[in-house]
Amino acid sequence: MTRLLPLTRSLAAALMLTLVAAAPAPALAADALSIGLIPAEDSQAMIESSRQVLDQLRDQMGMPVKPFVATDYNGVIEALRAKKLDVAYLGPFSYVLASSMANVEAFAVAVTKKTGQSAYKSVIIARKDSGITKPADLKGRNFAFVDPTSASGHLFPKAGLMRTGIDPDTFFGRVIFSGSHDASILAVANKKVDAAAVADRILASAIAKGQVKSEDIQVVWSSDPIPESPMVWRKDLDPARKAKLQQALANVKDLPWGDQGVLNGFQPTNDAAYDVVRDTAKVLKLDLRSMK
């Protein structure tokens, strides 16, 4: 049997790289908003994919908006901690990590036209002809996670199985990390694995695109809602700037925002919304303090 990668080591490798390789964070200016972006792709591509949103923020706030993309999540977190950034866009888990390291808090979350929601779920799927209808039926079956650091493709489903008394390290037959949600969905559809954990919104998109047929796939487990990636600001940011920024984000509509799709604005959120991520880390016995 192929055992799972050690989670703590994988997360540390992905999230806690040093800033040595990161581009220097911009110096703050009183008449500019400095915003950090999660490093989903190379810096220039990341900035360009966010350009329309950044330009609208500039126009509504009446000040330059200076984007900064580090080479890893920790680069953005360190820039926030050093007060080199006013705000940043972080993933759910990287925000929880940031909140344990820096004086920051989540304040807004995107709502997309595609879902009309600010949260999504992790689901475990199987083919309807597999005989799998509940998590217990997965015993000895071949299973696909997405990536060790994926919230919906690994962290939440692993914790969910553990809550039911299942040890994912020994329960399955062969376990793989597919590398993407789409790859996991297709692996199930094409009988390469018996089941997989994926994000519900990506499953819905695959069905809408005709990549898989809804009548062939069934959900055998679903997580509680996972909060979307938040916008985060330093707690000591000027209150007037905070108010102006929150209003500007609420007005951002009909523009693309990375892999979230077309935006229907940002709605307010808060730190407590991410307690579900902290609770999941506890189930997995991840010590956030040790990852600083």
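These numbers were taken from a predicted model, which means no experiment stands behind them. (Residues numbered from 1 in each chain as written. Predicted model: local features only at pLDDT ≥ 70, side-chain atom pairs only at ≥ 80, totals over all residues. Heavy atoms only, no water.)

Q: Looking at this structure, how should I read the pattern of salt bridges?
A: Working definition: two side chains of opposite charge can pair if their charged atoms are close together. All told, the structure shown has 16 salt bridges when counted by the stated rule. Of the charged contacts in the structure, one is a salt bridge between D86 and R234, with a shortest N-O distance of 3.4 Å. Of the two residues, D86 is situated in the loop between α4 (73-81) and β3 (87-89) and R234 in strand β12 (residues 230-234); the sequence distance between them amounts to 148 residues. Each member of the pair, D86 together with R234, is buried. Because the salt bridges share partners, they merge into one network encompassing K83, D86, R234, D236 and R241. (Salt bridge = Lys/Arg side-chain N within 4 Å of Asp/Glu carboxyl O. Helix = DSSP H or I, 4+ residues; strand = E, 2+ residues; numbered from the N terminus. Buried < 20%, exposed > 50% of the residue type's maximum accessible area, 1.4 Å probe, protein only.)

Q: It is not clear to me how the sheet that holds β12 should be interpreted in this structure. Could you clarify?
A: Consider a sheet: its strands pair through backbone hydrogen bonds, and that pairing is either parallel or antiparallel. One open sheet holds the 7 strands; their spatial order is β2-β1-β3-β12-β4-β14-β13, and the pairing between them is mixed. In this open sheet, the two edge strands, each paired with only one partner strand, are β2 (65-69) and β13 (253-256). Mean inter-strand twist for the sheet, computed between neighbouring axes without regard to direction, equals 35°. Strand direction decides the pairing type here: strand β1 (residues 33-37) and β3, joined by 3 bridges, are parallel. (Pairing = 2+ DSSP bridges. Axes fitted to C-alpha atoms, helices over the stretch in contact; angles between N-to-C directions.)

Q: Which parts of the structure should I look at to understand the sheet that holds strand β8 (residues 175-177)?
A: Strand order across the open sheet formed by 5 strands is β8-β7-β9-β6-β10, with mixed pairing between neighbours. Two strands in the sheet have a free side with no partner beyond their single neighbour: β8 and β10 (217-222). Strand-to-strand twist in this sheet, taken as the mean axis angle between neighbours without regard to direction, amounts to 30°. Where strand β7 (residues 143-145) lies against strand β9 (residues 195-199), 2 bridges are found, and the strand directions are parallel. Considered in β9, the bridge of F143 is made with A195. Sitting on the sheet, helix α8 (residues 181-189) is in contact with β6 (122-127), β7, β9 and β10, with an inclination near 145° to β9. (Contact = heavy atoms within 4.5 Å.)

Q: Hey, could you run me through unusual backbone geometry in this one?
A: If you check the backbone angles, K83 has positive phi at about 60° while not being a glycine. Along the polypeptide, K83 turns up in the loop between α4 and β3. On the basis of relative accessibility, which here comes to 46%, the residue K83 falls in the partly exposed class. Of note in the backbone geometry, K191 takes a positive phi value of approximately 60° without being a glycine. Relative to the assigned elements, K191 resides in the loop between α8 and β9.

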